[in-house]
2 protein chains.
Amino acid sequence: MSITSFHPPRRTLMGPGPSDVYSRVTEALSRPTIGHLDPMFVGMMDEVKQLLQYAFRTQNALTLPVSAPGSAGMETCFANLVEPGEKVIVCINGVFGIRMKENVERCGGETVIVQGEWGRAVDPAAVEETLKAHPDAVILAFVHAETSTGARSDAEKLCALARQHNCLTIVDAVTSLGGSELEVDAWGIDAIYSGTQKCLSCVPGLSPVSFNQRAVDKIQNRKTKVQSWFLDLNLVMGYWGKGAKRAYHHTAPVNALYALHEALVILQEEGIENSWKRHQLHHNALVAGLEAMGMSMVVPADERLAQLNLVTVPEGVDEAAVRAELLEAYNLEIGAGLGDFAGKVWRIGLMGCAATKTNALFCLGALEAVLGKSGGCKAAMEIYQK
Amino acid sequence: MSITSFHPPRRTLMGPGPSDVYSRVTEALSRPTIGHLDPMFVGMMDEVKQLLQYAFRTQNALTLPVSAPGSAGMETCFANLVEPGEKVIVCINGVFGIRMKENVERCGGETVIVQGEWGRAVDPAAVEETLKAHPDAVILAFVHAETSTGARSDAEKLCALARQHNCLTIVDAVTSLGGSELEVDAWGIDAIYSGTQKCLSCVPGLSPVSFNQRAVDKIQNRKTKVQSWFLDLNLVMGYWGKGAKRAYHHTAPVNALYALHEALVILQEEGIENSWKRHQLHHNALVAGLEAMGMSMVVPADERLAQLNLVTVPEGVDEAAVRAELLEAYNLEIGAGLGDFAGKVWRIGLMGCAATKTNALFCLGALEAVLGKSGGCKAAMEIYQK
């Protein structure tokens, strides 16, 4: 055996994530490792918390990055908030709702499903009906930005309904954080998790989470221990807690946290509302281009995510061959469909630093060439010139 | 709020981990992110598996890095192998044995404890007695290299005893992998987990694990679902499995895996036996230096880890003040005591690329200056000149 260093190709990442990473972020990633209890590192952790509060638009003290990918952030929410036997209403309109259901069941909870349509927002009326029919439910869980379908649900309305019916909310914001309007405090979200590899344009591997006091109270008053030692927030808080004193829990992924810090500094420099607007602009251009090429969007206009665009694969086209050609000849990655949408759609991401005019036009130009169509770039430019 | 980029100081890391990282590894870490299902990435994953098989000295097909720190690797072993109601014998001779017990209980298992002495190896006679007294036990769990005490246990002997009594073994090798002799196949270890931030000199955040066929059989024949979705190996195998076809499970920490790949390439270049010998040489020099300064080692010579040296804090010395001075004036990190040893010992790591003559002499020189002692460097040089 003789394996040598790995040198990845330089791709343009326009799939459902990971997205392209800021060069400032990869540079930060490679800074010298220091100890996870070093006073300098602890100071940086405090800044990461503040920057995450900015990104989540929250004052929640319990706001931190879980030391593992978004799926572990999801599990952190469910494992800490659900106790065996509790009833949880889960809205399913894509892959990640299904994963939520799986999480509840593995925590010993009972699920009530609000089944929605793939490619559509969660229906608030159906949620309200279910809340009324199950007054013993304690949690409502839904996905704000469904990465498998490109649909955005009305988190504000769903959280208001949950509160009226005395349910806590668990919200998946893996794909929305930094790319779509998201107001943890103003909307009354109780527990939320996200990822670093989408609209923050940081490397994958961490999951920012935030919990308000109602959620913390539930966690601190559990009758049973959290089934995961690694994800038990009662323990994690001892390391990420307030003040200089930190109790060792696990070895933090030091360099990944440098990267997240830098990505959040960049977000703060741009201003989060500007980031939302930027995603919307390039989305508008991309959609105009795709539609000018005769392609149709999967999600209705007012339920679409700007950062993740689902387009129907044109009849007679071998979708996998197109993706392979884009990857090999253009070094451009777009995403395949997932779950019910496998083989039927492409997922085109415009996330974080990949949400640019260059990327939108490059992707449209490449699709024109590979599909033998035209008019996409021109239509997009008209949006930019407005 | 205006937070700016974080620039860590350049430390020499001689604590219990994270250890100093190879510059080749941080350089690899900062290479361009590509998709976690990109064919080029999948090819690299296969190499990581092969390289981990080399490091673990195993042919186990189920050998991969868990996408989270060592504590999550521990939990992966227990959550997958322990079913509710099963009896697990846990050897406790430090902090990480206690954590194993906690893991078993959170999985609904019943623990039988073999209580050992802090700073000593696990006693095989006590383990044998316990195995005989509990013929219904299904797993024996112990720590090969106790990071809290610096003691190395006889994993070969303990695994042989477990097999005689029809128990599977779960072995913590977080601190031993790459630094101490470790033979997964030859010793018959059934399940093992490690970390990247110790003797591999990679950044923290991943946990290499390996499971043999006996362990895989138990996992595949569980009566209950693994309680963690994120750590369920039945699902993780779909992503890390054989062949080109990979099912999406979670977004892999792409850049961290570049780093691990590079660290393992470096290990392969050096040769793992050479790495073990190198750790031993610098350990011998460090110990000679510490003893020449009148300090005493905590662990008996034949049970010591080369890579993690526990030394008793001299009477009348403020141990925290010494560590603070080393950090501030020398940019040198050594570790504090943990658990029963808090305030009583220092933990001096010589791990991975930090196991060098320069580091051993630098640390001894700094301790001489701060403690007002002498003779340490000279005694260490005598070992090197032998």
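These numbers come from a predicted model, not from an experiment.

Peer 1: Is there a simple way to explain the sheet that holds strand 5 (residues 137-143) of chain A in this structure?
Peer 2: Strands in a sheet are paired, the pairing made by backbone hydrogen bonds, and the direction either parallel or antiparallel. Residue and element names in this part refer to chain A. Read from one edge to the other, the open sheet built from seven strands follows the order 2-10-9-8-5-3-4, with strand pairing classed as mixed. Sheet topology places strand 2 (62-66) and strand 4 (110-115) at the edges, where each strand pairs with a single neighbour. With strand direction ignored, the average angle separating the axes of adjacent strands in the sheet is 15°. Pairing of strand 5 with strand 8 (residues 168-172) involves five bridges; the strand directions are parallel. Pairing of Ala 141 across the sheet is with Ile 170, part of strand 8.

Peer 1: What am I meant to see in the domain arrangement of chain A here?
Peer 2: By a frequent convention, interface size equals the accessible area lost on bringing the separate parts together. Residues and elements named next belong to chain A. Domain boundaries in chain A define domain 1 (23-268) and domain 2 (272-385). Taken together, the contacts link 29 residues of domain 1 with 24 residues of domain 2. Here domain 1 and domain 2 share an interface that buries about 2200 Å² over both sides, 58% of which is from carbon and sulfur atoms. Interface area lost by domain 1 to domain 2 is led by Trp 118, Gly 150 and Arg 152, which between them contribute 23%.

Peer 1: What's the story with the relation of the copies chain B and chain A in this structure? I'm lost.
Peer 2: Between the two copies of this chain, the relationship is a rotation about some axis together with a displacement along it. Mapping chain B onto chain A calls for a screw motion: a turn of 180° about the axis and a shift of 0.0 Å along it, with 0.0 Å RMSD after fitting. When the rotation and shift are considered jointly, the pair of chain copies conforms to a two-fold rotation axis. When each C-alpha of chain B is compared by its distance to the rotation axis, Ala 68 of chain B comes out closest, at 2.5 Å. Take the interface residues of chain B: 100% of them recur as interface residues in chain A, which is what a same-surface contact looks like.

Peer 1: Explain the sheet that holds strand 3 (residues 87-92) of chain B to me, please; I cannot follow it from the model alone.
Peer 2: Residue and element names in this part refer to chain B. Strand order in the open sheet formed by seven strands is 2-10-9-8-5-3-4, and the pairing between neighbours is mixed. Looking along the sheet, the strands with just one partner apiece sit at the ends: strand 2 (62-66) and strand 4 (110-115). Between one strand axis and the next, the sheet turns by 15° as a mean value, whatever way the strands run. With five bridges joining them, strand 2 and strand 10 (residues 207-211) adopt antiparallel strand pairing. Paired with Leu 64 across the strands is Val 209, a residue of strand 10. Of the strands in this sheet, strand 3, strand 4, strand 5 (137-143), strand 8 (168-172) and strand 9 (191-193) are in contact with helix 4 (residues 95-106), which crosses strand 3 at around 165°.

Peer 1: Could you clarify how one ought to interpret the pairing of strand 8 of chain A in this entry?
Peer 2: Along any regular strand the residues' side chains alternate between the sheet's two faces. Where burial is concerned, most of strand 8 of chain A is hidden: five out of the five residues are buried. Where burial is concerned, the two faces of strand 8 of chain A agree: the one with Leu 168, Ile 170 and Asp 172 of chain A and the one with Thr 169 and Val 171 of chain A are both buried.

Peer 1: What should I look at first to understand the nonpolar core in this one?
Peer 2: Side chains that are nonpolar tend, in soluble globular proteins, to be buried together. Phe 41 and Phe 211 of chain A together with Phe 41 and Phe 211 of chain B are the most contacted members of the largest nonpolar core, which has 216 residues in total. Once you skip the residues sitting within four places of it in the chain, Phe 211 of chain A turns out to touch Asn 60, Leu 62, Thr 76, Cys 77, Leu 81, Asp 190, Ala 191, Val 216, Ile 219 and Leu 233 of chain A.

Peer 1: Whenever I open this one, the environment of Phe 142 of chain A confuses me. Can you help?
Peer 2: All names here are of chain A. Of note, Phe 142 is situated in strand 5. Separated by 39 residues in sequence, Phe 142 and Glu 181 have C-alpha atoms that sit 16 Å apart. In contact with Phe 142, other than residues within four places in its own chain, are Cys 91, Met 100, Ala 155, Leu 158, Cys 159, Thr 169, Ile 170, Val 171 and Asp 172.

Peer 1: What is the right way to look at the packing of helix 11 (residues 272-292) of chain B against helix 13 (residues 357-371) of chain B in this model?
Peer 2: Residues and elements named next belong to chain B. For the pair helix 11 and helix 13, the least separation of the axes is 9 Å and the interaxial angle reads 15°. Classed by the angle they form, the pair helix 11 and helix 13 counts as roughly parallel. The hand of the helix 11/helix 13 crossing is right-handed. Here helix 11 contributes His 282, Ala 285, Leu 286, Gly 289 and Leu 290 to the contact with helix 13, which in turn contributes Lys 357, Ala 360, Leu 364 and Leu 367.

Peer 1: Explanation requested: the side chain of Asn 60 of chain B in the structure shown.
Peer 2: All names here are of chain B. Within the secondary structure, Asn 60 is located in the loop between helix 2 (39-56) and strand 2. For Asn 60, the side chain forms a polar contact with the main-chain oxygen of Phe 211, separated by 3.5 Å. Contacts of Asn 60, omitting those with residues within four sequence positions, involve Gln 53, Val 184, Asp 185, Ser 210, Phe 211 and Asn 212.

Peer 1: How should I be thinking about the pattern of salt bridges in this particular structure?
Peer 2: Opposite charge on two side chains allows them to pair when their charged atoms are near. Counted according to the given criterion, the structure contains 41 salt bridges over all chains. For Arg 323 of chain A, the salt bridge is made with Glu 319 of chain A, and the minimal N-O distance between the two is 2.9 Å. With Arg 323 of chain A and Glu 319 of chain A both in helix 12 (residues 319-330), this residue pair falls four residues apart, about one helical turn. For the salt bridge of Glu 183 of chain B with Arg 57 of chain B, the shortest nitrogen-to-oxygen distance reads 2.9 Å. Of this pair, Glu 183 of chain B sits in the loop between strand 8 and helix 7 (184-187) while Arg 57 of chain B sits in the loop between helix 2 and strand 2, and the two are 126 residues apart along the sequence. For Arg 57 of chain B, a relative accessible area of 24% gives the class partly exposed.

Peer 1: Is there a simple way to explain unusual backbone geometry in this structure?
Peer 2: Excluding glycine, most residues fall at negative phi; most peptide bonds, likewise, are trans. In this structure, the amide linkage connecting Gly 17 of chain A to the following residue, Pro 18 of chain A, adopts the cis form with an omega of 5°. Following the sequence through the fold, Pro 18 of chain A ends up in the loop between strand 1 (12-14) and helix 1 (23-29). Its identity is not glycine, yet Asn 166 of chain A carries a phi of approximately 55°, on the positive side. Overall, the relative accessible area of 65% leaves Asn 166 of chain A in the exposed class. Positive phi, close to 55°, is recorded for Ser 201 of chain B, a residue that is not glycine. Structurally, Ser 201 of chain B can be placed in the loop between strand 9 and strand 10. Relative accessible area serves as the criterion here: at 0%, Ser 201 of chain B is assigned to the buried category.

Peer 1: Is there a simple way to think about the interface of chain B and chain A in this case?
Peer 2: Taken together, the 72 residues of chain B in the interface contact 72 residues of chain A. Both sides together, the interface formed by chain B and chain A hides about 6300 Å², and carbon and sulfur atoms give 62% of it. At the boundary of chain B and chain A, one finds six salt bridges. Notably, a salt bridge pairs Arg 11 of chain B with Asp 38 of chain A, separated by 2.7 Å at the nearest N-O pair. At the surface where chain B touches chain A, the tally comes to 23 residue pairs in polar contact (both at pLDDT 80 or more). When residues of the side of chain B that touches chain A are traced back to their parent elements, those giving at least two are helix 1 (23-29), helix 2, helix 3 (70-81), helix 4 and helix 10 (254-270) of chain B.

Peer 1: Which parts of the structure should I look at to understand helix 10 (residues 254-270) of chain A?
Peer 2: Given 3.6 residues per turn, any residue in an α-helix points the same way as the ones three and four places further on. Residues and elements named next belong to chain A. Here helix 10 contains 17 residues, and its C-alpha end-to-end distance of 25 Å stays within 8% of the 24 Å for a straight helix at 1.5 Å per residue. Most of helix 10 sits inside the fold, with 14 of its 17 residues counted as buried. Once helix 10 finishes, Gly 271 follows within two positions and takes phi at roughly 90°, a positive value.

Peer 1: I'm lost on the environment of Ser 67 of chain A in this one. Help?
Peer 2: Position of Ser 67 of chain A among the secondary structure elements: in the loop between strand 2 and helix 3 (70-81). Residue classification places Ser 67 of chain A among the buried positions, given a relative accessible area of 5%. Counting along the chain gives 106 residues from Ser 67 of chain A to Ala 173 of chain A, while the straight-line C-alpha distance between them is 17 Å. What Ser 67 of chain A contacts, discounting residues up to four positions off in sequence, is Gly 205, Leu 206, Phe 230, His 250 and Pro 253 of chain A together with Ala 68 and Pro 69 of chain B. Here the side chain of Ser 67 of chain A touches His 250 of chain A through a polar contact of 2.7 Å, side chain to side chain.

Criteria and thresholds
Residues numbered from 1 in each chain as written. Chains lettered and ligands numbered in written order. Predicted model: local features only at pLDDT ≥ 70, side-chain atom pairs only at ≥ 80, totals over all residues. Heavy atoms only, no water. Pairing = 2+ DSSP bridges. Helix = DSSP H or I, 4+ residues; strand = E, 2+ residues; numbered from the N terminus. Axes fitted to C-alpha atoms, helices over the stretch in contact; angles between N-to-C directions. Domains from an automatic or database assignment. Contact = heavy atoms within 4.5 Å. Buried area = accessible area lost by both parts, 1.4 Å probe. Least-squares fit on C-alpha atoms with pLDDT ≥ 70 in both. Buried < 20%, exposed > 50% of the residue type's maximum accessible area, 1.4 Å probe, protein only. Core = buried A, V, L, I, M, F, W, Y, C linked by side-chain atoms within 4.5 Å. Parallel < 35°, antiparallel > 145°, perpendicular 65-115°, else oblique. Left-handed = near helix turned anticlockwise from the far one by under 90°. Polar contact = N/O pair within 3.5 Å; in protein donor to acceptor, adjacent residues only side chain to side chain. Salt bridge = Lys/Arg side-chain N within 4 Å of Asp/Glu carboxyl O. Expected span 1.5 Å × (residues − 1).

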